[in-house]
Structures are given as structure tokens and as C-alpha cells.
Protein chains: 2
Amino acid sequence: MNSLVEENYLKALFSLSNGDGEVNVNDLSKHLEIKMPTVTSMMKKLAAKKLVHYKSYKPLRLTARGRKEAALVIRKHRLTEMFLVEKMGFGWEQVHEIAEQIEHIKSPIFFSKMDELLDYPKFDPHGSPIPDINGKITGKAYRKLSECNEGDTVKMAAVINTSDEFLKFLNSREIHLGLKIKINSVEPFDHTMVVSYENHLSESLSHMVCERLLVEKE
Amino acid sequence: MNSLVEENYLKALFSLSNGDGEVNVNDLSKHLEIKMPTVTSMMKKLAAKKLVHYKSYKPLRLTARGRKEAALVIRKHRLTEMFLVEKMGFGWEQVHEIAEQIEHIKSPIFFSKMDELLDYPKFDPHGSPIPDINGKITGKAYRKLSECNEGDTVKMAAVINTSDEFLKFLNSREIHLGLKIKINSVEPFDHTMVVSYENHLSESLSHMVCERLLVEKE
DNA sequence: TAATTTTGTTAGAACACTCTAACTTATTAG
DNA sequence: CTAATAAGTTAGAGTGTTCTAACAAAATTA
């Protein structure tokens, strides 16, 4: 069983891993706001636990086990964020801090219940994929339509808040997964977007709607 | 801000306080499963923080502030238990362990949201009163009807799980707050209770129902 | 009341996690 | 390629929480 502190190191290593999975002590130190010598000694500890490959003066890499354990913490974080937004009515900007704490709760049943109540969600309210119970990540990260810019062409990937009303709304506008959407303009005042797709040449989408549509950039 | 560990000491002191509010180091030590010298030194620390009155070889007492802070942790614990049972569908026997962890979450908004979603409950699923946001405890502790014995006469005090269906059920049996109920017999097999009250001389109440009725002993 | 037991304290050490200061290795810039 | 800079490590110390061993005070019992 890893401590709360170890979990935070694992999570940071995971999210700083780029293509080759290598992380510098220095970057990790800055990300965690923990001084380098402290990081070094923790890396030796995690190496002893077979969670990190550590060689002096070489970049850090998570082991397969380390990667899995990190992903499981991230799973708990993202499930929690989704739960806070969907089931408790928090705004997506409020949930990160709370999830940072709840992700360390030791109770498999607590998180499996969340998962069930949320109907096994595949991504969190920010569009990031939720690792499965084995720590495997299938989906890729999406971005919210509201975060895209004028002129972008994007593809509908997923939807947050699948309430009946919202789905009916999407239906009425013929918005569906896979749909290619072009952003014609963004109203600076209220962030309403004017978009076009298929035979809808000028459809207005409120900020609230754009916050709930997850897209891929072309 | 108190640490998780300090919060656990405060909570233990609170719940071990009897009428005069005095607690022995030894009892505290046993309750927390922490050795006496450790408890002594923590008491000195809490005394320095004005949370405990400490005199060598004398019983411990919480200060007014200590009592308040303890009550606020207990508030978070009981709110959490209620949330887990009412909103997440856990059994009341599953929730204690999870609540022991969640009670230490630092996020006022998280707990005020729970409180709101639960419609400001006054007691937890075990019948214990939930302290208010100022740490004041108004209600007294109730016990579940299911925990009472054959021959007991009890008074209806409160109801857990106020779903429409359950309230309709209670209505149909003319069960209401303040009602005096006599337990005639308890079925050993499934814990069904046969009770009498007012002009109902032999009413059968399933274990599920008895778990949700909180009563005072006469 | 005196002896014994129980309760509580002091002293000293250990573990997890953090730091600063000083040193070493690797990288970058002339 | 050497000098300067950046990145990483080692050593030693501090804080928070825990322990065991030894001692002191209080309560109990004979």
C-alpha cells in the first residue's frame, strides 16, 4: 500500500511522462514544489518498491507496476471529479482541489460505487480519459468545444452530462458523435459560438452547451 | 488547521467524555490504540494549541474550542455516513470506515453541499445526532427500532430514508413521530418484529423497516 | 498504613518526509 | 575543448508521529 505522498509522486511522474516515458528529477521537483534532494531520496524509495527505474544522473521512468498504480490514482481522481460534477452539482472548475484529496481514500468499494452510479464514464469533466480498473487508458484526451478558437474545425467525441434534456437538445440540432463542426465565430461577451456543420450553416451554441461538448481537433 | 492525527485525538476525546467531560490518558490510549507516552506528548501539544486542558497526572478535558473542533469533525463524519447511505446506496454497516477517511477532507464547500443535498439532516444512519455548523449538538442519540428487544416500549423519534414510498408506507400503518410502540415479539429468523400501538394490536414490521425507524426508550 | 498494582511521565530512539549546504556529474556556450 | 552553468547527489538536520525502557505518582489491596 502506497502512502498519500508516494501516490502524489507517482501521479506526477505519470503526467510528466512524454512519449519515451522519461522524466527529469528537476521537472518533477518543480511540478511537485518539492526540492530536488527530497525528490532524489523518494525516487530511491520508489525504486526499492519497484515502482520506478532509477539510475544516478539518468532520467526517471516508471516501471510497469508504477505506471499502473499511478493510473489507478488518476482513475480515482477523475472518477471523483465526474461524481462531484454529475452527482453533486459542482462546477467543473471547483472539483480539482476536492478530488486531489479524495483520490487518496483507501476504499475500492467507494470508487466502484461511484463508477456504477456514473454508469462507467470514459472521461472526466475536463475531457481527460478515465483509466479502467486495471489502470489501462483506452480513450485519448478530448477538449471542450468552449476551449476551441474561431476558425477551428473539430470532431464531436463525447458529451458531458448526459441528461435527457441535454440529449434532446443535441438531437433537435442534429448534433451527434463523429460530427465535424466548424467554428465560425465566438461572441466575446458571453462566449456563444456560431458554428456550421452538415446542413446547419449558422447554428448558435451557448457557452453552457459548448462546455459540455468534448471534441477532437482535426 | 489541525492535522488528520490531531483530529483523531480530538474526536476520541469528545466521544470518551462522559458527564463531567473528563477522560483518562489510559482510556484514550486504548481507544486510539496508541501507546500512553505518545498520547501524553500529543496532549501537551493540544494543550499548547488551547484545545485541551492538561495538568500532569490529572484527567484530560477538552477546552470549549477543542470541543467545538471535535464536534465539527464528527459533523463531517456523520454527514458523510448519511450521504453514503442516502445518496450512494451503501448499507449502514459499510459506511463507517469510509467516513473515517472522508471526515478529514479539507473543503467546507464539499460538506455544505452534502448537507444541502441531504436536506440538512439532523441525525446519521445510526441515529446519532449531527452537530450543526457551529459544533452545537441539539438532538439526543436515538437507537434503531431493530436494535430494541422483545417487551420494550419505545417512542418514535425520527426516520431514516425519507423517500416518498417509505413515508407512504408509514402513513398506511399510521406510524408517526411521538407514537408509543410496544415490541411484542421478534422473529429470530428474519428479525421481523411484531409490535402494537394505538389501535394496531399486532402489526408486523420487516427488518428493513425497523432499521429505518429511530426511537427513544421509555 | 505499607505493599502492590495501575496509571502517567520522561528520556531516548525510529521512521517518513522535508529542508539547506556542499559537492559531483552532465550539458551548454564560448 | 575548456569554462561556466545546470542538473543531480550526499550529508546532516528538523518536524511530526510513533515506539520502548525506565521511572514517578496515584489508586488499590491486604
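Residues numbered from 1 in each chain as written. Chains lettered and ligands numbered in written order. Predicted model: local features only at pLDDT ≥ 70, side-chain atom pairs only at ≥ 80, totals over all residues. Heavy atoms only, no water.

Trainee: I'm lost on the relation of the copies chain B and chain A in this one. Help?
Mentor: Two copies of a chain can be linked by a rotation about an axis combined with a shift along that same axis. Of the two same-sequence chains, chain B is brought onto chain A (RMSD 0.1 Å, axial shift 0.0 Å) by a rotation of 179°. On this basis, the relationship between the two copies can be described by a two-fold rotation axis. No C-alpha of chain B lies nearer the rotation axis than that of isoleucine 102 of chain B, which sits 3.6 Å from it. With an isologous cut-off of 70% or more, the 100% of interface residues of chain B that recur at the interface of chain A puts this contact in the isologous class. (Least-squares fit on C-alpha atoms with pLDDT ≥ 70 in both. Contact = heavy atoms within 4.5 Å.)

Trainee: Looking at this structure, how should I read the protein's contact with DNA strand C?
Mentor: Taken together, 21 residues sit near DNA strand C, with Lys45 of chain A together with Asn26, Thr40, Lys44 and Tyr54 of chain B positioned nearest. In the environment of DNA strand C, a phosphate oxygen lies 3.0 Å from a nitrogen or oxygen atom belonging to the backbone of lysine 35 of chain A. Contact distances for DNA strand C include 2.2 Å between a phosphate oxygen and a side-chain N or O atom of tyrosine 54 of chain B. It is helix α3 (residues 36–48) of chain A that provides the largest number of residues to the surface near DNA strand C, a total of five residues. Partitioning the surface near DNA strand C into residue classes produces 11 nonpolar, seven polar and three charged. (Near = heavy atom within 4 Å. Polar contact = N/O pair within 3.5 Å; in protein donor to acceptor, adjacent residues only side chain to side chain. Helix = DSSP H or I, 4+ residues; strand = E, 2+ residues; numbered from the N terminus. Nonpolar A, V, L, I, M, F, W, Y, C, P; charged D, E, K, R; others polar.)

Trainee: Before we go on, may I ask you to explain the packing of aromatic side chains in this structure?
Mentor: Aromatic ring pairs are described here by two measures, namely the spacing of the ring centres and the angle between the planes. Using the criterion set out here, one finds seven aromatic pairs over all chains in the structure. On the numbers, 5.1 Å between centres and 70° between planes, the contact of phenylalanine 110 of chain B with phenylalanine 111 of chain B is edge-to-face. With respect to class, phenylalanine 110 of chain B is no different from phenylalanine 111 of chain B; both count as buried. The residue whose ring lies beneath lysine 113 of chain A is phenylalanine 90 of chain B, and the NZ or CZ to ring-centre distance is 5.2 Å. (Phe/Tyr/Trp six-rings, centres within 6.5 Å; stacked < 30°, edge-to-face > 60°. Buried < 20%, exposed > 50% of the residue type's maximum accessible area, 1.4 Å probe, protein only. Lys NZ or Arg CZ within 6 Å of the ring centre and 35° of its normal.)

Trainee: I would appreciate a short explanation of the packing of helix α1 (residues 4–16) of chain A against helix α4 (residues 64–86) of chain A in the present structure.
Mentor: Describing two packed helices takes the angle between their axes plus the distance from one axis to the other. All names here are of chain A. Contact geometry of α1 with α4 gives a least axis separation of 8 Å together with a crossing angle of 100°. Regarding the angle of α1 to α4, the classification is roughly perpendicular. Of the residues in α4, those touching α1 at Glu7, Leu10, Lys11 and Phe14 are Gly66, Arg67, Glu69, Ala70, Ala71, Val73, Ile74 and Lys76. Here the contact of α1 with α4 is built from residues that sort into six nonpolar, one polar and five charged. (Axes fitted to C-alpha atoms, helices over the stretch in contact; angles between N-to-C directions. Parallel < 35°, antiparallel > 145°, perpendicular 65-115°, else oblique.)

Trainee: Quick question: what am I supposed to make of the domain arrangement of chain A here?
Mentor: Size of an interface, as often reported, equals the accessible area lost when the parts are brought together. Residue and element names in this part refer to chain A. Domain annotation of chain A identifies domain 1 (4–62), domain 2 (71–138) and domain 3 (143–217). Just the C-alpha atoms count here: the centres of domain 2 and domain 3 sit 24 Å apart. In this complex, domain 2 contributes eight residues to the contact, which on the side of domain 3 involves eight residues. Across the domain 2/domain 3 interface, buried area totals approximately 590 Å², and carbon plus sulfur atoms make up 58% of it. (Domains from an automatic or database assignment. Buried area = accessible area lost by both parts, 1.4 Å probe.)

Trainee: Please clarify how the sheet that holds strand β7 (residues 200–205) of chain A should be interpreted in this entry.
Mentor: What holds strands together in a sheet is hydrogen bonding between their backbones, with the strands either parallel or antiparallel. Residues and elements named next belong to chain A. The strand order β3-β8-β4-β5-β6-β7 describes an open sheet built from six strands, whose pairing is antiparallel. The outermost strands of the open sheet, each flanked by one partner alone, are β3 (143–144) and β7. As paired elements, strand β6 (residues 193–197) and β7 share four bridges and run antiparallel to each other. Bridge assignment links valine 194 to a residue of β7, and that residue is serine 204. (Pairing = 2+ DSSP bridges.)

Trainee: Honestly, the environment of aspartate 132 of chain B in this entry has me stumped. Any pointers?
Mentor: All names here are of chain B. Locating aspartate 132 in the fold gives a position in the loop between α6 (108–117) and β3 (143–144). You can call aspartate 132 partly exposed: its relative accessible area is 29%. With 52 residues separating them along the chain, aspartate 132 and threonine 80 place their C-alpha atoms 14 Å apart. What aspartate 132 contacts, discounting residues up to four positions off in sequence, is Leu72 and Arg75. From its side chain, aspartate 132 meets the backbone nitrogen of asparagine 134 in a polar contact 2.7 Å long.

Trainee: Explain the nonpolar core here, please?
Mentor: A general tendency of soluble globular proteins is for nonpolar side chains to be buried together. Grouped together as the largest cluster of nonpolar side chains are 40 residues, with contacts concentrated most on Met88, Ile102 and Phe110 of chain A together with Met88, Ile102 and Phe110 of chain B. Each residue touching phenylalanine 110 of chain B, except ones within four places of it in the same chain, is listed here: Leu84, Met88, Phe90, Ile98 and Ile102 of chain A together with Ile102 and Ile105 of chain B. (Core = buried A, V, L, I, M, F, W, Y, C linked by side-chain atoms within 4.5 Å.)

Trainee: Which parts of the structure should I look at to understand the interface of chain B and chain A?
Mentor: If you look at the interface, chain B gives 19 residues, while chain A gives 19 residues. In total, chain B and chain A occlude about 1,500 Å² of area from one another, counting both sides; carbon and sulfur atoms represent 75% of this. Ranking the residues of chain B by area buried against chain A places Met88, Gln101 and Phe110 of chain B at the top, with a combined share of 35%. The interface formed by chain B and chain A contains zero salt bridges. There are two residue pairs in polar contact (both at pLDDT 80 or more) connecting chain B and chain A. At the level of elements, α4 (64–86), α5 (95–102) and α6 of chain B are the ones that each hand at least two residues to the side of chain B that touches chain A. In terms of residues, the side of chain B that touches chain A owes the most to one element, α6 of chain B, which gives five residues. (Salt bridge = Lys/Arg side-chain N within 4 Å of Asp/Glu carboxyl O.)

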